[in-house]
Amino acid sequence: MSWKKAKWVLLAGGAAAGILLSSYPTTPQLSRCPEIGSLPGIVLGMFMATTIIHTLVTSIQADGVHSKRLSNWRSTSSIRCHLLIAIGALMTAGTLFLEILLWAWVYRHVGAIHSLEESLYFSGITFTTVGYGDVTLAKCWQLLSVGEAVNGVLMAGWSAAQLIFLVHRMMIFSVQPERAQPD
């Protein structure tokens, strides 16, 4: 599937995720618990949203690796390959942080956690599966955190694979000019 076709599929998926997330009413106080049937919808919407975000960043990085313009730029110096690896790592870290922010927004939006700082902290330790246990959700919201933990494990694995691909391709490119030279 070409990128031009894929972006429409991704946008449709993003719209569907937004509809799923926005259809859940905001709860102003912690005492109001959701029906059990609404939690899978929130988790599914977040899985779709984080998958779309990761797909877009992966596509940008893969397109960059295979770009003729970027190939010409990086071929002049091995330091440029290292710079592209660093930029790719920062993009990947930024993507993961964006997804943590999105989960924190969900916790605040549904009323599971009221404080911005606490929702960011809880989302970060849940997404990374550190789970200190110093901040917990009300019992009725705990399945939401399980969904985030599973999502975080999947996105961390995807990110690791993405970075390995990027480093591998850049190392191949930095070695190729040496192979091309006659002895």
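Residues numbered from 1 in each chain as written. Predicted model: local features only at pLDDT ≥ 70, side-chain atom pairs only at ≥ 80, totals over all residues. Heavy atoms only, no water.

Within the chain, the regular secondary structure consists of six helices and zero strands. N-terminal to C-terminal, the α/β element order of the chain is α-α-α-α-α-α. At a minimum sequence separation of 6, the contacts of the chain that also span at least 24 residues come to 72%. For the chain, the accessible area works out to roughly 10,600 Å², and carbon and sulfur atoms hold 68% of it. (Helix = DSSP H or I, 4+ residues; strand = E, 2+ residues; numbered from the N terminus. Contact = heavy atoms within 4.5 Å. Areas by Shrake-Rupley, 256 points an atom, 1.4 Å probe, with all protein chains shown as cover.)

Across the interface, helix H4 (residues 78-110) lies against helix H5 (residues 116-127) with an axial gap of 8 Å and an inter-helix angle of 125 degrees. By the angle between their directions, the pair H4 and H5 is classed as oblique. In the packing of H4 onto H5, the handedness of the crossing is right-handed. Of the residues in H5, those touching H4 at Leu 96, Glu 99, Ile 100, Leu 101, Trp 103, Ala 104, Tyr 107 and Arg 108 are Leu 116, Ser 119, Leu 120, Phe 122, Ser 123, Gly 124, Thr 126 and Phe 127. Across the contact of H4 with H5, the residue classes tally to ten nonpolar, four polar and two charged. (Axes fitted to C-alpha atoms, helices over the stretch in contact; angles between N-to-C directions. Parallel < 35°, antiparallel > 145°, perpendicular 65-115°, else oblique. Left-handed = near helix turned anticlockwise from the far one by under 90°. Nonpolar A, V, L, I, M, F, W, Y, C, P; charged D, E, K, R; others polar.)

We now examine the side chain of Ser 145. On the secondary structure map, Ser 145 appears in helix H6 (residues 142-180). Of the residues examined, Ser 145 reaches a relative accessible area of 16% and is grouped as buried. Ignoring anything within four residues of it in the chain, the contact list for Ser 145 reads Tyr 107, Phe 122, Thr 126 and Leu 137. (Buried < 20%, exposed > 50% of the residue type's maximum accessible area, 1.4 Å probe, protein only.)

Looking now at the nonpolar core. In terms of nonpolar packing, the biggest core is built from 18 residues, with Tyr 107, Val 110, Leu 137, Trp 141 and Leu 144 touching the most fellow members. No other element matches the five residues that H4 contributes to this core. Apart from residues lying up to four places away in sequence, Leu 137 is in contact with Tyr 107, Ala 112, Ile 113, Phe 122, Gln 142 and Ser 145. By size, the runner-up hydrophobic cluster in this structure holds six residues, among which are Val 65, Leu 84, Ile 85 and Met 170. (Core = buried A, V, L, I, M, F, W, Y, C linked by side-chain atoms within 4.5 Å.)

This next bit is on the environment of Leu 166. Topologically, Leu 166 is positioned in helix H6. For the pair formed by Leu 166 and Ala 86, sequence separation is 80 residues and the distance between their alpha carbons is 9.9 Å. Residues within four places of Leu 166 in sequence aside, it is in contact with Val 65, Leu 84, Ile 85 and Gly 88.

A cluster of nonpolar residues, Ile 36, Leu 143, Val 146, Val 150 and Leu 154, forms a patch on the protein surface that exposes about 470 Å² of accessible area. Inspection of the secondary structure puts Ile 36 in the loop between helix H1 (3-22) and helix H2 (38-65). (Patch = residues over 30% accessible without salt bridge, like charges linked within 9 Å, V, L, I, M, F, W, Y side chains within 5 Å. Salt bridge = Lys/Arg side-chain N within 4 Å of Asp/Glu carboxyl O.)

Moving on to unusual backbone geometry. Negative phi is the rule for most residues except glycine; trans is the rule for most peptide bonds. The backbone of Thr 129 sits at a positive phi, close to 60 degrees, despite the residue not being glycine. Locating Thr 129 in the fold gives a position in the loop between H5 and H6. Judged by relative accessible area, which is 44%, Thr 129 ranks as partly exposed.

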